[in-house]
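Tertiary structure, described
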Amino acid sequence: GHTLKSKTLLYAFGGNPRKLNVPGENLLSGRGISYCVTCDGPFYKDKDIVVAGGGNSALDAALDLSRIAKSVTIIQRSVLRADKKSIDAFNALPHGKVLLQTEILEFIGEDKLSGIKIRDKETGKESIYPADAAFIEIGNIPNTTLIKDLALLNEAGEVYVNEKQETNTKGLYAAGDITINSHRQIIIAAGDGAKAALEAANYLNKK
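Presented here is an overview of the structure given in this document. Each chain has its residues counted from 1, running along the sequence as written. Reporting in this predicted model follows two pLDDT cut-offs: at least 70 for local features of residues, and 80 or more for side-chain atom pairs to be given and counted; totals over whole chains, interfaces and linings ignore these cut-offs and use all residues. Each side-chain value is derived from all of the structure's non-hydrogen atoms; neither hydrogens nor water enter the calculation.

**A look at a positive patch on the surface**
Note that patches include only residues with greater than 30% relative accessible area and no salt bridge, and the join distances are 9 Å for like charges and 5 Å for nonpolar side chains (Val, Leu, Ile, Met, Phe, Trp, Tyr). Accessible surface area values rest on a Shrake-Rupley calculation with a 1.4 Å probe, where residue burial reflects the displayed protein chains alone. What makes a salt bridge here is a side-chain nitrogen of Lys or Arg within 4 Å of a carboxyl oxygen of Asp or Glu, nothing more. All tallies of charge rest on Lys and Arg as positive and Asp and Glu as negative; His and the ends of each chain are not included. By convention, charge coordinates are those of NZ in Lys, CZ in Arg, CG in Asp, or CD in Glu. Residues Lys7, Lys164, Lys170, Lys206 and Lys207 make up a contiguous surface patch of positive charge. Strands are runs of DSSP state E lasting at least two residues, helices are runs of H or I lasting at least four, and both sets are numbered from the N terminus onward. Looking at where lysine 207 falls in the secondary structure, it is placed in the segment after helix H4 (186–206). A relative accessible area of 62% places lysine 207 in the exposed class. Per-residue accessibility, obtained with a 1.4 Å probe over protein chains only, is compared with the maximum for each type, and a residue is labelled buried under 20%, exposed over 50%, and partly exposed between these values.

**A few points about the state of the cysteines**
Disulfides are defined as cysteine sulfur pairs within 2.5 Å. Per the stated rule, a full pass over the model turns up one disulfide. Here cysteine 36 pairs with cysteine 39 through a disulfide, and the sulfurs are 2.1 Å apart. Measuring the twist about the S-S bond at about 70°, one finds the cysteine 36-cysteine 39 disulfide to be right-handed. Owing to a relative accessible area of 16%, cysteine 36 belongs among the buried residues under this scheme.

**Description of H4**
Here, expected helix span is obtained from the residue count minus one, scaled by 1.5 Å. Its 21 residues place the ends of H4 30 Å apart at the C-alpha level, agreeing with the 30 Å of an ideal helix rising 1.5 Å per residue. Taken together, the buried positions of H4 are occupied by Asp192, Gly193, Ala196, Ala200 and Tyr203. In a view along the axis of H4, the buried residues occupy a sector of 105°, so they form one face of it. H4 presents Ile187, Leu198 and Asn205 as exposed residues on the side facing more than 90 degrees away from its buried surface. Tucked inside the fold, the buried residues of H4 contact strand S1 (9–11) and strand S12 (172–174). Note: the arc covers the axis-to-C-beta directions of the helix. For this analysis, residues touch if any pair of their heavy atoms sits within 4.5 Å.

**With respect to the sheet that holds strand S6 (residues 96–99)**
When DSSP finds at least two bridges between two strands, those strands are taken to pair. The sheet built from five strands is open, its strands ordered S3-S10-S4-S5-S6 with parallel pairing. A single partner strand is all that each edge strand has here, and the edge strands are strand S3 (33–34) and S6. The sheet contact formed by strand S5 (residues 71–75) and S6 spans four bridges and is parallel. By the bridge assignment, isoleucine 75 is partnered in S6 with leucine 99. Of the strands in this sheet, S5 and S6 touch helix H3 (residues 84–91), which is tilted by about 120° from S6. Axis lines are fitted to C-alpha atoms, over the contacting stretch for helices. Their N-to-C directions set the angle, which ranges from 0 to 180 degrees.

**Things to note about the pairing of strand S9 (residues 126–130)**
Here five bridges tie strand S8 (residues 113–120) to S9, and the two strands are oriented antiparallel to one another. Each bridged residue has a counterpart across the sheet, and for isoleucine 116 the counterpart in S9 is tyrosine 129. In textbook terms, the turn of a hairpin is the stretch between consecutive antiparallel strands, and for S8 and S9 this stretch comprises five residues, one of which, glycine 124, has a positive phi near 80°.

**Digging into the environment of tyrosine 129**
Mapped onto the secondary structure, tyrosine 129 falls in strand S9. Tyrosine 129 sits in the buried class, given a relative accessible area of 17%. Expressed as a C-alpha distance, the spacing of tyrosine 129 and lysine 117, which sit 12 residues apart in the sequence, is 6.2 Å. When residues no more than four places from it in sequence are discounted, the contact partners of tyrosine 129 are Val50, Thr73, Lys97, Leu99, Gly115, Ile116 and Ile118. Within the local environment of tyrosine 129, its side chain forms a polar contact with the side chain of threonine 73, the two groups lying 2.8 Å apart. Polar contacts, as used here, are pairs of N or O atoms within 3.5 Å; protein pairs need one atom able to donate a hydrogen and one able to accept it. Residues neighboring in sequence count only if both atoms are side-chain atoms.

**Here's the deal with the pattern of salt bridges**
Evaluated as defined, the whole model comprises seven salt bridges. Note that lysine 84 and aspartate 88 form a salt bridge whose closest N and O atoms lie 2.7 Å from each other. On the criterion of helical spacing, the pair formed by lysine 84 and aspartate 88 is a turn pair, its members being four residues apart in helix H3. Lysine 84 gets classed as exposed once you look at its relative accessible area, which sits at 61%. Taking the shortest distance from any N to any O, the salt bridge between glutamate 158 and arginine 184 comes out at 2.4 Å. Placement of the pair is glutamate 158 in the loop between strand S11 (140–142) and S12 and arginine 184 in the loop between S12 and H4, with a sequence separation of 26 residues. Overall, the relative accessible area of 26% leaves arginine 184 in the partly exposed class.

**Section: the sheet that holds S9**
The three strands are arranged S7-S8-S9 in an open sheet whose pairing can be described as antiparallel. Looking along the sheet, the strands with just one partner apiece sit at the ends: strand S7 (102–109) and S9. Across this sheet, the average inter-strand angle for adjacent strands is 30°, counted without regard to direction.

Rendered as structure tokens:
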């Protein structure tokens, strides 16, 4: 119940990967289902991999995985929304496949992922698509509720910051996965946090 006052604040509450929220997802998370290609991609060398999503992050993930995977399939419930260059690069792969207008209904497996139950939205047909791994690339949910009235946010709820990690409110700094950043890595978040702390110290010294 205490109120703390300060001249600066570094906000770094992070974010959470957006989930599909379908049966089997939580059960098989870490056992074939992942939200980080950089972290877990190498575990599935020469395997059949599925990427869920159709934006730039999904296409980038699929292209990264294509270098090590036996096959990579993108499953998207609507159409691809990524840059044309990325789409063309993936379509040129001999072991790449795209399933559009396809909904993921369930992840199948006991100790590890073995398949994905899907439905063709145009025909209504359901089937089991075999997969050794699935990477969910449908965005990140930033924890920015507490500063929504203090900092300028984009449509996804991410904070706009300048090169000093400053928000549009003087003395308020933001760092990590809550900021507009295409790369979600601990080392990048930590670096941004260190930069923000140093800039906050400079701000105080000039007051």
